[in-house]
Amino acid sequence: MKLVTLDDIAAAARRIDSAIVRTPLLAARWGDPDRPLWLKPENLQPIGAFKIRGAFNALGRLEPGVRARGVVAYSSGNHAQAVAYAAAAFGVAAHIVMPEETPTVKVQATRDHGAQVVLCGVGQREAVAAELVERTGGVLVPPFDHPDVIAGQGTIGLEIAQDLPEVASVFIPISGGGLASGVGTAIRALCPDADIFGVEPELAADTAESLSVGHRVDWPVAQRNRTIADGLRSTPSELTFAHLQRVLDDVITVTEDEIRSSVRELAHRAHLVAEPSGAVALAGYRKVAEPQGPAVAIVSGGNIEPPMLADILARVQ
């Protein structure tokens, strides 16, 4: 199995440069000065999440004639929006499969980018997407199980290493593993002494269990769907798991209350709107007693239903 390299990520950075926001590192000045923290706010991307990077790299790598047939994707929300946005930029059709329980804000945003959205039942995304590929002739752009998608997400790690070469620890949300695979690959190559932590909800901690036993453990969909972090309900593929085994130092699991607390902290202290999935990296940082040196937590997305945000902010910490 061929893993993504730093050269792949550097090529992706050049390919997507004009299509994305090169997000800054924001100092969390309200924190402990002995534990300096920077935030990487990927919620500031045009579609509100990091997924735009992998989508643009994957579509950009397609031959024009192949890309013209259109694209198909399946996603709980942010990858759906990213592929729809990238397809519109390239002027090609997009058919996106989304679970029925996907937050309305993400479904509507995907439609607003011009994609045809097909809603499906729990656990049916891949099967429905395969039917659409057969019917439309479009190219499947998976949410994480593809080297071009992983390389695109890895450009975040490239930027972190360029902006904070002395980084000592990086905290990355984990779901299907594409983000952590790409970022971890870049950080491991450019900042080899840094600790790389994956962070996932306790209610969807299949990656933590898989790494502890040395092989993939597939939790039932209904079990993973219990977490409020709707963007972190997928499970790693063989490709991403191979990357995670190579690049991660540890996986931190966080509770639902810790996730909500981090959403509040980002809103009140950093003035950033983060969805629960986007706040888990900060929750992971808060859970590590003694992170070594400068740390970066990736705020991976900000697409949250307004009522959910209001409810989380209204709760007393």
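Just so you know, these numbers come straight off a predicted model, no measurement behind them. (Residues numbered from 1 in each chain as written. Predicted model: local features only at pLDDT ≥ 70, side-chain atom pairs only at ≥ 80, totals over all residues. Heavy atoms only, no water.)

Caption draft 1: Broad picture of the packing of aromatic side chains. Summed over all chains, the structure comprises 4 aromatic pairs. Taken together, a centroid distance of 6.0 Å and an interplanar angle of 70 degrees make the contact between Phe 56 and Tyr 85 edge-to-face. Placement of the pair is Phe 56 in helix H2 (residues 51-61) and Tyr 85 in helix H4 (residues 78-90), with a sequence separation of 29 residues. For Tyr 85, a relative accessible area of 26% gives the class partly exposed. Between Phe 171 and Tyr 285, the ring centres sit 5.6 Å apart and the planes meet at 90 degrees, which makes this aromatic pair edge-to-face. One end of the pair, Phe 171, is in strand E7 (residues 169-173); the other, Tyr 285, is in helix H13 (residues 276-287), with 114 residues separating them in the sequence. Residue classification places Phe 171 among the buried positions, given a relative accessible area of 0%. Among the residues examined, Tyr 285 registers a relative accessible area of 1% and is labelled buried. In this structure, Arg 35 packs its charged tip against the face of Tyr 285, placed 4.8 Å from the ring centre. (Phe/Tyr/Trp six-rings, centres within 6.5 Å; stacked < 30°, edge-to-face > 60°. Helix = DSSP H or I, 4+ residues; strand = E, 2+ residues; numbered from the N terminus. Buried < 20%, exposed > 50% of the residue type's maximum accessible area, 1.4 Å probe, protein only. Lys NZ or Arg CZ within 6 Å of the ring centre and 35° of its normal.)

Caption draft 2: Molecular detail of H2. Counting buried positions along H2 yields 9 of 11 residues, so the element is predominantly enclosed. Among all positions of H2, only Lys 51, Ile 52, Arg 53, Gly 54, Ala 55, Phe 56, Asn 57, Ala 58 and Leu 59 are buried. Of the surrounding secondary structure, the elements contacted by the buried residues of H2 are helix H1 (6-16), strand E2 (37-41), helix H3 (64-67), strand E3 (71-74), H4 and helix H7 (147-163). (Contact = heavy atoms within 4.5 Å.)

Caption draft 3: Quick look at the pattern of salt bridges. Under the definition given, this model contains 16 salt bridges. Its salt-bridge partner being Arg 216, residue Glu 238 comes within 3.8 Å of it at the nearest N-O pair. Placement of the pair is Glu 238 in helix H11 (residues 238-247) and Arg 216 in the loop between helix H9 (206-213) and helix H10 (221-224), with a sequence separation of 22 residues. One network of salt bridges, with partners in common, ties together Lys 40, Glu 42, Arg 53 and Glu 159. (Salt bridge = Lys/Arg side-chain N within 4 Å of Asp/Glu carboxyl O.)

Caption draft 4: Region of the structure containing the side chain of Ser 210. Structurally, Ser 210 can be placed in helix H9. Taking the relative accessible area as the measure of exposure, Ser 210 reaches 3% and is therefore buried. A distance of 2.7 Å separates a polar side-chain atom of Ser 210 from the backbone oxygen of Asp 206. Dropping the residues within four chain positions of it, Ser 210 is found in contact with His 215, Arg 216, Val 217 and Phe 241. (Polar contact = N/O pair within 3.5 Å; in protein donor to acceptor, adjacent residues only side chain to side chain.)

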